[in-house]
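# Tertiary structure, described
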Amino acid sequence: MTAGTRDRLMMTRCIALAKASSQSGEYPYAAVLCQGDMVVAESINRVTHDRDITRHAEVVAISQAQKTLDTISLDDCEIYLIGEPCAFCSYAIRESRIRRVVYGLNSPHMGGVSKWKILTDTDLSATMPEVFAPPPEIVSGFMAAEAEQAIAECSPMTAGILKQRGLFVAPASTTIMPTPATGLRQRLLQFLRRNFFDYFGRR
C-alpha cells in the first residue's frame, strides 16, 4: 500500500470513529495508530464514559498500542487524528516517540503545533535524548474538509461555535519534515531508547 493510500484509508477510519464517538455521547474526536499498514490501536474520546479528563482519544490509543506491542517506544508508528492534538496529547506523542502525526483541522488556541510548539520542539530531544526522539513528521490539513464536515454532521451547533471562535480551522495541507534522524548516533540512540533506557529506567 502506498503512503498516500494508507493516509487516506487511516484518516477515513479516524473520521468514522469520531462520528461514532459523538453518537456515544462523547466529543467527536478519535485516534487511529498504525504500524505500516496494520492498525495497532484506535480509540474514541473516553472522557465522558470514564469520568476522567485524561482519557483523550490520543492518550487511550497510545496506551493500547504500547500494551499491544509490549514497548514504550512507538518510533515505528504513525497516528491519525481528526484535529491537531492538544498540549497534553502532544507531550504523550513526543514521549512515546511516534514518528509521524497526521491530522485534519488546526487548533490555533489549544494545539501542540499551532499554539504550544510541543510536537516541533527540538530542545526535548537535544537535552534528553535518552527519553525523546527528534520531532515527528507532521502532516496538517489532511482531509480537513472531510474532518470539518464530520463535526458539522455530529453537532451543527457545536461546529458553529467552534468555527466562530476559531477553535478548529481547515487549513491547506502542509507537511513539516523534521531533521532526518539518520547517522550512527541516531540509530544508536534509537536502539538504546528501546532496549536499554526504557528497560532499566521504566520497568
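Higher on the page you've got the structure.
First, a word on what this report is: a plain description of the structure on this page. (Residues numbered from 1 in each chain as written. Predicted model: local features only at pLDDT ≥ 70, side-chain atom pairs only at ≥ 80, totals over all residues. Heavy atoms only, no water.)

### Details of the sheet that holds strand 4 (residues 100-105)
Sheet strands pair via backbone hydrogen bonds, and the direction of the pair is either parallel or antiparallel. So the rule is basically this: Pairing between two strands is assigned when DSSP locates at least 2 bridges connecting them. Working definition: helices are DSSP H or I runs of at least four residues, strands are E runs of at least two. Numbering for both runs from the N terminus. Lines fitted to C-alpha atoms define the axes, with helix axes restricted to the stretch in contact, and inter-axis angles between N-to-C directions lie between 0 and 180 degrees.
Read from one edge of the open sheet, six strands run 2-1-3-4-5-6, paired in mixed fashion. This sheet does not close on itself; its edge strands, each paired only once, are strand 2 (38-44) and strand 6 (174-176). If you compare each strand with its neighbour and ignore which way they point, the axes differ by 15 degrees on average. Pairing analysis gives five bridges linking strand 3 (residues 78-83) to strand 4, with the strands arranged parallel. When the sheet's bridge partners are listed, Glu78 is paired in strand 4 with Arg100.

### What to know about the layout of surface pockets
Selection criterion: A 1.4 Å probe that fits but cannot get out identifies a cavity on a 1 Å grid over protein atoms alone, an open set with protein on both sides within 12 Å along at least five of seven lines counts as a pocket, and a residue lines either if it has an atom within 4 Å of a point. Grid points are joined across faces, edges and corners, and a volume is the space filled by probe spheres set on the points. Under the scheme applied, nonpolar residues are Ala, Val, Leu, Ile, Met, Phe, Trp, Tyr, Cys and Pro; charged residues are Asp, Glu, Lys and Arg; polar residues are all the others, including Gly.
Taken as a whole, the largest pocket spans an internal volume of roughly 430 Å³. Around the largest pocket sit 21 residues that line it, and Tyr29, His56, Cys86, Met110 and Phe168 are the ones nearest its centre. Of all the secondary-structure elements, those providing two or more residues to the lining of the largest pocket are strand 3 and helix 7 (156-165). Ranked by residues supplied to the lining of the largest pocket, first place goes to strand 3 with three residues. Grouping the amino acids of the lining of the largest pocket by side-chain chemistry returns 14 nonpolar, five polar and two charged.

### Topic: the pairing of strand 1 (residues 30-35)
Using the following cut-off: For every residue, the accessible area obtained with a 1.4 Å probe (protein chains only) is divided by the maximum for its type, and the residue is called buried under 20%, exposed over 50%, and partly exposed between those limits.
For strand 1, the tally of buried residues reaches five of six residues, placing the bulk of the element in the interior. Sheet topology note: the strand 1/strand 2 ladder contains six bridges and is antiparallel. Pairing of Leu33 across the sheet is with Ala41, part of strand 2. Two strands pair when backbone bridges link them, and strand 1 and strand 3 are joined in this way by four bridges, in the antiparallel orientation. Residue Leu33 lies in a different strand from strand 3, and its bridge partner there is Ile79.

### Describing the pattern of salt bridges
Rules: Here a salt bridge means any side-chain nitrogen of Lys or Arg lying within 4 Å of a carboxyl oxygen belonging to Asp or Glu.
All told, the structure shown has 14 salt bridges when counted by the stated rule. As a salt-bridge pair, Asp37 and Arg6 come within 3.0 Å of each other at their nearest N and O atoms. In this pair, Asp37 is assigned in the loop between strand 1 and strand 2 and Arg6 in helix 1 (residues 3-23), connecting sequence segments 31 residues apart. The residue Arg6 makes a salt bridge to Glu78 at a minimum N-O spacing of 3.5 Å. With a gap of 72 residues between them, Arg6 in helix 1 and Glu78 in strand 3 connect regions that are remote in the sequence. Residue class for Arg6 comes out buried when judged on its relative accessible area of 11%. Three or more residues are tied together by salt bridges with common partners; here these are Arg6, Asp7, Asp37, Glu78, Arg99, Arg100 and Glu137.

Interpretation in functional terms is not warranted from these geometric data alone.
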